[in-house]
Number of protein chains: 2
Amino acid sequence: MHNTKDAGDRLREAGIRVTTPRVIIYDYLLKHRTHPTCDEIYTDIKAGNPSLSLASVYNVTEKLVDHDLIIRIVSPDGERHYDAVTKFHAHFFCGKCGKIFDVSCDHDTEQLIDLPGAVVNSISVSAYGECPECASEVDP
Amino acid sequence: MHNTKDAGDRLREAGIRVTTPRVIIYDYLLKHRTHPTCDEIYTDIKAGNPSLSLASVYNVTEKLVDHDLIIRIVSPDGERHYDAVTKFHAHFFCGKCGKIFDVSCDHDTEQLIDLPGAVVNSISVSAYGECPECASEVDP
DNA sequence: ATTTGTTTTAGAATTATTTTAAATAAAAAC
DNA sequence: GTTTTTATTTAAAATAATTCTAAAACAAAT
């Protein structure tokens, strides 16, 4: 029993071409839930795929975002991170270790935004601080 | 009756030096609630202050953020905007006209983040879509 | 007024991202 | 199954945003 669709299937369903770089990058994102940046993705996959360029990583992630296959999350300092989990959830950015944590967010997000007449396409909730691990560490 | 503190007073209260660039930039932000980027601030003030450099705008805004005199808001595409209104509020980014709107957010923001053990320093709630004005426009 | 320590400046450097035009690969047509 | 069409990838150069650096300018304390 494998109910998991692979990267190729998902690309096909989205109606965009199934190319090697897309499969590699999307597959990487589906398997690594670390919210990597383009640079991190590139660093990790280039060993196994030397012909793939950083520019392609930028292009492919952008394309995947356009088709709602992945989401882009912007860190407080403006870095762009990518996440293959598209269901709405909040993010917690640890200022100490730099990790990004997924946080469930059960709120009725619609009611968060009170701007009559506006069409809300998406909402992002982010928190900044110290993650549980860093917060429990002894001070130096 | 003028109950508004000026930029100089606020800098002094924050315990940092009152310098000309800081006063100019902070004053600009107090008077313009348009959530400008460093570049926009620079473009607007350089006519009246030719000696002031873009690098100074970056340095000063960063300093003001450090001392909680202004807040930094990061747009969905990673641009950094600055806002002299530090009281918590949500932001709405219009994808059509590019404007940023302030949205009141009465929610108990603490309860938005469910990550036991974490120290939450700040929370940001952002929405993306079309602003009331753009949404009501006829399609071309 | 002089000193002291900090801040600002201009320009260079860096980083992140985008663009370009040529090369390539996928899907469609034959 | 080969050709044609069209979308995509590549590499390199270009652009944009931000940071760094060392010298000059300045504010506060003496």
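Everything numeric in this text was worked out from a predicted model, so none of it was measured.

(A) Layout of the pairing of strand β1 (residues 71-74) of chain B. Residue and element names in this part refer to chain B. Note that β1 and strand β2 (residues 80-83) share four bridges and pair antiparallel. Bridged to Ile71 within β2 is Asp83. The turn linking β1 back onto β2 is made up of five residues, and Gly78 within it adopts a positive phi angle of 95°.

(B) The arrangement of the protein's contact with DNA strand D in detail. Neighbouring DNA strand D are 16 residues; A:Arg17, A:Thr19, A:Ser56, A:Asn59 and B:Tyr58 lie closest to it. Atoms of DNA strand D within 4 Å of the protein: sugar and phosphate make up 84%, bases the balance. Within the contact set of DNA strand D, a phosphate oxygen lies 2.4 Å away from a side-chain nitrogen or oxygen of A:Thr19. Within the side chain of B:Tyr58, one N or O atom sits 2.9 Å away from a phosphate oxygen of DNA strand D. Elements that contribute at least two residues to the surface near DNA strand D include exactly α2 (20-31) and α4 (54-66) of chain A together with α4 (54-66) of chain B. Residue composition of the surface near DNA strand D, by class: six nonpolar, five polar and five charged.

(C) Spotlight on the nonpolar core. In terms of nonpolar packing, the biggest core is built from 28 residues, with A:Phe92, A:Ile113, A:Val125, B:Phe92, B:Ile113 and B:Val125 touching the most fellow members. When contributions to this core are tallied by element, the ones reaching two or more residues are β3 (90-94) and β5 (119-130) of chain A together with β3 (90-94) and β5 (119-130) of chain B. Not counting residues within four places of it along the chain, the set of residues in contact with A:Val125 comprises A:Phe88, A:Ala90, A:His91, A:Leu112, B:Leu112, B:Ile113, B:Ile123, B:Ser124 and B:Val125. Of all hydrophobic cores here, the second largest spans 22 residues; its members include A:Ile24, A:Tyr28, A:Leu30 and A:Val60.

(D) Fine view of the domain arrangement of chain A. Residues and elements named next belong to chain A. Under the domain assignment used here, chain A contains domain 1 (4-82) and domain 2 (87-136). On a C-alpha basis, the centroid separation for the pair domain 1 and domain 2 is 22 Å. Every contact between the two is made by seven residues of domain 1 and, on the other side, six residues of domain 2. With both sides pooled, the region where domain 1 packs onto domain 2 buries about 550 Å², and carbon together with sulfur makes up 74% of that total. Among the residues of domain 1 in contact with domain 2, His35, Ile73 and Pro76 are the three that bury the most area, contributing 67% of the side total. Our count for the contact surface shared by domain 1 and domain 2 stands at zero salt bridges.

(E) Quick look at the protein's contact with DNA strand C. Around DNA strand C, 15 residues are found, and the nearest of them are A:Tyr58, B:Thr19, B:Ser53, B:Ser56 and B:Asn59. Within 4 Å of the protein, the contacting atoms of DNA strand C are 82% sugar and phosphate, with bases supplying the remainder. B:Arg17 places a polar side-chain atom, nitrogen or oxygen, 3.5 Å from a sugar or linking oxygen of DNA strand C. Within the side chain of B:Thr19, one N or O atom sits 2.4 Å away from a phosphate oxygen of DNA strand C.

(F) The arrangement of the sheet that holds strand β4 (residues 100-103) of chain B in detail. Spatial strand order, β4(A)-β3(A)-β5(A)-β5(B)-β3(B)-β4(B): six strands in an open sheet with mixed pairing. The two strands at the open ends of the sheet, each matched to only one other strand, are β4 (100-103) of chain A together with β4 of chain B. Across the sheet, the mean angle separating the axes of adjacent strands is 25° when strand polarity is ignored. Judged from the four bridges that link them, β3(A) and β5(A) form a sheet pairing that is parallel. Counterpart to A:Phe92 in the pairing with β5(A) is A:Ala127.

(G) Spatial organisation of helix α3 (residues 38-45) of chain A. Residues and elements named next belong to chain A. Residues of α3 that are buried: Cys38, Ile41, Tyr42 and Ile45. Projected onto a plane normal to the axis of α3, the buried residues spread over an arc of 100° and lie on a single side. Packing partners of the buried residues in α3 comprise α2, α4 and β2 (80-83).

(H) Structural view of the layout of surface pockets. Residues and elements named next belong to chain B. Computed from the structure, the second largest pocket encloses a volume of approximately 260 Å³. As for the second largest pocket, its lining consists of 16 residues, of which Pro76, Phe93, Cys94, Gly95 and Gly98 are closest to the centre. Breaking the lining of the second largest pocket down by element, the ones donating at least two residues are β3 and β5. Each of two domains, domain 1 (4-82) and domain 2 (87-136), supplies a minimum of three residues to the lining of the second largest pocket.

Conventions we followed
- Residue positions are counted from 1 within each chain, in the order its sequence is given.
- Labels are handed out in written order, letters beginning with A for the chains and numbers beginning with 1 for the ligands.
- Predicted model: local features are reported for residues with pLDDT of at least 70 only, side-chain atom pairs are reported and counted for 80 or more only, and whole-chain, interface and lining totals are derived from all residues.
- As a rule here, side-chain values come from all non-hydrogen atoms in the structure, and water together with hydrogens is ignored.
- Any two strands with at least two DSSP bridges between them are considered paired.
- Numbering of helices and strands runs from the N terminus; a helix is a DSSP stretch of H or I covering at least four residues, while a strand is a stretch of E covering at least two.
- Nearness of a residue to a molecule or strand requires only that one of the residue's heavy atoms be within 4 Å of it.
- Polar contact is the term for a pair of N or O atoms within 3.5 Å; when the atoms are in protein, one must be able to donate a hydrogen and the other to accept it, and sequence-neighboring residues count only if both atoms are side-chain atoms.
- Any residue that is not Ala, Val, Leu, Ile, Met, Phe, Trp, Tyr, Cys, Pro, Asp, Glu, Lys or Arg is counted as polar, Gly included; the first ten are nonpolar and the last four charged.
- Among buried residues, those of type Ala, Val, Leu, Ile, Met, Phe, Trp, Tyr and Cys that are joined through side-chain atoms within 4.5 Å constitute a nonpolar core.
- Remark: exposure states derive from per-residue accessible area (1.4 Å probe, protein chains only) relative to the maximum for the residue type, with buried under 20%, exposed over 50%, and partly exposed in between.
- Whether two residues are in contact is decided by their heavy atoms, any of which lying within 4.5 Å being enough.
- Domains are outlined according to an automatic or database domain assignment.
- For any pair of parts, buried area is found by adding up, for both, the accessible area (1.4 Å probe) each one loses once the two are put together.
- Only one rule defines a salt bridge in this text: a Lys or Arg side-chain nitrogen within 4 Å of an Asp or Glu carboxyl oxygen.
- Here an angle of 0 to 180 degrees is reported between the N-to-C directions of two axes, which are lines fitted to C-alpha atoms, with helices fitted over the stretch in contact.
- As used here, the arc belongs to the directions running from the helix axis to the C-beta atoms.
- A cavity, in this analysis, means grid points on a 1 Å lattice covering only the protein atoms where a 1.4 Å probe fits yet has no way out; a pocket is instead an open set bounded by protein on both sides within 12 Å along at least five of seven lines, and a residue lines either one if it has an atom within 4 Å of a point.
- Grid points are joined across faces, edges and corners, and a volume is the space filled by probe spheres set on the points.

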